[in-house]
Amino acid sequence: MLVPIKWLKDYVDIKVDPKSFADAMTMSGSKVEAISETGKEIENVVVGRILKLENHPDADKLIIGQVDVGTEVLQIVTGATNIREGDYIPIAKHGSTLPGGVKIKKGKLRGVESNGMMCSAQELALELDNLPQDILEGIYILDKEYPLGADIKDVLGLNDAVIEFEITTNRPDCQSITGIAREAAATFGSAMKYPETTYKENGENINNYLSIQVKNSELCPRYSARMVKNAVIKDSPAWMQERLIKSGVRPICNIVDITNYVMLELGQPMHAFNYKDLEDKKIIVRNAMPGEVIKTLDEAERKLDSSMLVIADGKKPTGIAGVMGGYGSEIESDTDTIVFECANFEPVNIRLTSKKLGLRTDASSRYERGIDPELVTLALNRACSLVEQIGAGEIVGGKIDIYPVPKIRRKLNLNVKNVNEFIGVNDITEDMIVRYLTSLEFGVKVMGDLEVTVPTFRDDVEGGADLMEEVARLYGYDRIPVKLMDTTFTQGGKNYRQVIRDMAKRNMAAQGLYEVMTYSFVSPGVYNKINLKAENPLRNAIKLINPLGEDQGVMRTTMIPNMLEVISRNYNMKAAEGHFFELSKVYLSERLPLDELADERETLTIGMYGEIDFFDLKGAIENLLGELNIRKYSILSSCNDSMHPGRTADLVINNKRIGSLGEVHPDVLDNYGIPVRAYIAELDFEEIILQSNMNIKYKSLPKYPPVERDIAIVVAEEITAGQVEGIIRNKGERLVEEVKLFDIYRGSQIEKGYKSMAYSIVYRSDEKTLSEGDVTKVHNKIVNSLINQIGAVLRQ
C-alpha cells in the first residue's frame, strides 16, 4: 500500500525523516517495502507565466516565449504546441536540475538565446499513468494561478515521500491511511486524530426517495446509503488529485474521486450510483439468478451463478457486490442526484466470486480480507463531508442503515506476569501495557488482571498470546535480549523407517542407478497408455478439484507411467542407456468419491534400458533385499497388463506379494515412443520396511570343512530355478550351506520342451565333520524329492 507522508501528517504528528520513520514502523510490525521521495532531484524549477509568444525567425517549428518567473522575465525557446499566452507552467531556470540528474543551462537555439526550459509532466517524473491525457501532451499547464517564482515542488506536492507498506492478510485495518496513522501514533507515542466528518443536511429525508432491501444478511451483514442532490460533476480539486495519484489511483471526477479517497483514507470501499438509473427507485441486495448476466464498468459481460451476491434495482442487477459496479449506473457529467453505497460483505464469498469471474479490484481485495462493519457510518459521513467541502452537492437528510446483528467486541484477560514471561523480559509494567494497548484503541480496565476490549477492526486478536504480541512489538523487538532457550536439549535421530529409506537409496545409488523425482499428479490418460484393463482397481484414481491442467488431473495410483516418461525423455535426448529409481508415494482409495483420507503408500520403482536384461533388474532387487537382511523371498513367474507376457515375475516375501518386475510390453513402449527394450519393477516399499530385519546375528567362522556335490537334472521348460532351489534347501536338513546354479543347457541331447540345469550344492555341519554317508543320505533325499515333485530326471 502506498502512503504519502504529507497525507499521513493530517492525522498524526511525524517529526522524523522518511528513512527513520520507515525503520521505526518496520520494527513495530508494519513492514516497509520501499521509500519514494518524489521531488528529491528537482532543484531551481519554479512557476512561470507566459507573457508573450512569437515565431522563431529561423525555424518553423520553434517559438520564442517571454516568461515571468517573479523576479525576472526569461526568454525561452521551445517546440511545444499546447501553450498559450497567460498559461502558468513549470520553468527550469539556468542551473536547475531535473530527475535523472539532467542539468539545464542557458544556450542558443538556431541563433536565439534560451534561458531555461518549459517542463512537461514526463520531464518532472510525475506519475504518468494516473494523469489525464490532456496534461500528458506537451508542456504541463498548471490548473490555476500560482505565485510566480514559487518552487514547483511545493505547487505540485513533489516535496513529499511516499512509503510503500507490505500489508499482511491478517491486518486489513492497516490497508488505509488512518490505519497506518494509528500504527504510527502508537509507534511514536503521538496522538492521532480522525478525518473531519461533519456536514449539513437539507430538510428532506432519503426514505422519501429510496428503499433498500437486503435478502441475504449472512453475505451482507450491513448495508447503508446516503443521498446527494444538485450534484456538480467536475474535476476534483488539485490537493485531492495529488493524493490519489501518489496513492496509485487515477482521478476521474469529483464524486468518483471522493469514493476512492474515502477507500484509501479509511479502508472502506464505496460506490456511487446515478439515482436516475435505479429502476423503481429501490436497491435490493440478493443472490444472482442462475445464468444471470451483467455488464460491468469495464464493459465486459459476465455470467453469474446463484452463489454470487449482486446489488440490484427493481428490475436488474446494477453491480457485483464487493467487486465492481454495473455499466450504465456510473456517474456522468449530467448526473444530478447520487446515492452513496457503503456496505460490509462476507469475505469468503467475495473471494470466491472474484476468483470465479477472474475479476480482482481494489474493493474485492479489501473485502476478501475482512472489513470492520463499524466503518460503514464513518465512511459515509466522511464522503458527505468531502462533498460539502469541495462544493459537489447538497446532502439529503437522513440515511438508510440495515444492520440487523451489530458486531460484538471481544473481551480478553491479560496478566502482567505472564506478559513478561512470554516476551522474556522483566521490566514491562502494568502502566506500560495499558499505554501500549490504549494507543492501539483497545479498551483496558484494571481489575486485578487486565480486562481488554478488542476493537472491532482487530479480528486477528483472538487470545492472550495475540495481546502479548501487540505489547512486544510496541515495547520493541530490538529491546528483547537474545539468549538460548531455557530447556534441556536432546539429540535427534532418524526413526527406523527413515533409516531403511536411506539404506535403500544408498544401495540403489551404489548399484549405479540415478534417483529421479516426478510429479504425483498425472493425466487420467496414462492408464490407457500402460494398457490397464477397465476393471483394474488402479484406474480408481483420486480426481483433483482444481488441477493445474488436464495432464495433472488425478493423483497417481502407480508410478510406472512416470518411470516410462523418464526413460522416454532420456532415450530421446540420445542417452544410450539409463538406470533409474524413484522412492515416492502412490495414492490409493477403496471408494470414490473420498470419504476418508487416501492410503499414501511408499513405492519403489526401478527403470532400466540399454545393454541389460531381466536378470540385471532382478539382481538389483536381490542386492537390495540382501542389504535389508530379507532372506525368505522368491521371484515367481506372473502376468501383468503393462508387462511382456512370459517375461514378468512377482516378488514374494514370506508368502506375500510385494510387487512385480519384468520387461515392458512392446505396445506400452510404442505408446511412450521407446523403440528399445525397457525393464521396470514396482515394489511396495511399505511391506519391504516391515519385512526388513536390522537385528543382524553374527556367528563364528565354521570349524568343520564343507563337502561339495554337483547335480544335473533334466526338467520341463516351465520349471523355474527358484522352484528347484526351494526343494534343495527344504530337504537339506540344515546341512545345505549354499546352492548355486552354474549351467543351463538346451540342445540336441535334450528333448524339446525340456532343459538341463546343473547345480553345485555345498554341505556343512556346525557340529561335526560330515562323513560320506551323512552327505549321501541328504543328497539322495534331495534327488528323490526333485524326481517326485517336479518330474526331474538325473542326467548322467
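Check the entry above for the structure.
These notes cover the structure that comes with them.

Calculation criteria
- Residues numbered from 1 in each chain as written.
- Predicted model: local features only at pLDDT ≥ 70, side-chain atom pairs only at ≥ 80, totals over all residues.
- Heavy atoms only, no water.
- Helix = DSSP H or I, 4+ residues; strand = E, 2+ residues; numbered from the N terminus.
- Rg over C-alpha atoms; globule rule 2.2 N^0.38 Å.
- Buried < 20%, exposed > 50% of the residue type's maximum accessible area, 1.4 Å probe, protein only.
- Core = buried A, V, L, I, M, F, W, Y, C linked by side-chain atoms within 4.5 Å.
- Contact = heavy atoms within 4.5 Å.
- Pairing = 2+ DSSP bridges.
- Axes fitted to C-alpha atoms, helices over the stretch in contact; angles between N-to-C directions.
- Phe/Tyr/Trp six-rings, centres within 6.5 Å; stacked < 30°, edge-to-face > 60°.
- Lys NZ or Arg CZ within 6 Å of the ring centre and 35° of its normal.

Thoughts on the overall build of the chain
Across its full length, the chain carries 21 helices and 40 strands. Scaling as 2.2 N^0.38, a compact globule of 796 residues should have a C-alpha radius of gyration of about 28 Å, whereas the chain reaches 42 Å, well beyond that. With the C-alpha coordinates aligned to their principal axes, the bounding extent of the chain is approximately 130 × 85 × 60 Å. Evaluated residue by residue, the chain yields a buried proportion of 49% over its 796 residues.

A closer look at the nonpolar core
Of all hydrophobic cores here, the largest spans 52 residues; its most connected members are Leu 8, Phe 21, Phe 165, Ile 255, Ile 258, Ile 338 and Phe 340. If you tally residues by element for this core, the top one is helix H10 (residues 375-390), at eight residues. Not counting residues up to four positions away in its chain, the partners in contact with Ile 258 are Met 240, Phe 340, Ala 383, Leu 386, Val 387 and Ile 390. Membership of the second largest hydrophobic core comes to 36 residues, among which are Cys 220, Ala 225, Met 227 and Tyr 275.

Section: the sheet that holds strand S33 (residues 633-637)
The strand order across the open sheet formed by seven strands is S27-S31-S32-S36-S35-S34-S33, and the pairing between neighbours is mixed. Of all the strands in the sheet, just strand S27 (514-515) and S33 have a single pairing partner and so form its edges. Sheet topology places strand S31 (residues 578-588) next to strand S32 (residues 599-609); 11 bridges connect them, and they run antiparallel. Opposite His 579, over in S32, you have Met 608 as the bridge partner. Sheet strands in contact with helix H14 (residues 496-510) are S27, S31 and S32, and its direction is about 150° off that of S31. Taken strand by strand, helix H16 (residues 560-572) contacts S31, S32, strand S34 (643-653), strand S35 (656-664) and strand S36 (678-684), and its axis lies near 30° from that of S32.

A look at the packing of aromatic side chains
Per the stated rule, a full pass over the model turns up seven aromatic pairs. For the ring pair Phe 21 and Phe 188, a centre distance of 5.8 Å and an interplane angle of 10° mean the geometry is stacked. Pair noted here: Phe 21 is in helix H2 (residues 18-27) and Phe 188 is in helix H5 (residues 177-188), with a separation of 167 residues, a long-range link. Ring-pair connections join several aromatic residues into one group, and the members of that group are Trp 7, Trp 239 and Tyr 261. One Lys or Arg, Arg 182, reaches over the ring of Phe 457 and ends 3.9 Å from the middle of that ring. Residue placement shows Arg 479 over the ring face of Tyr 475; its charged tip is 4.0 Å from the ring centre.

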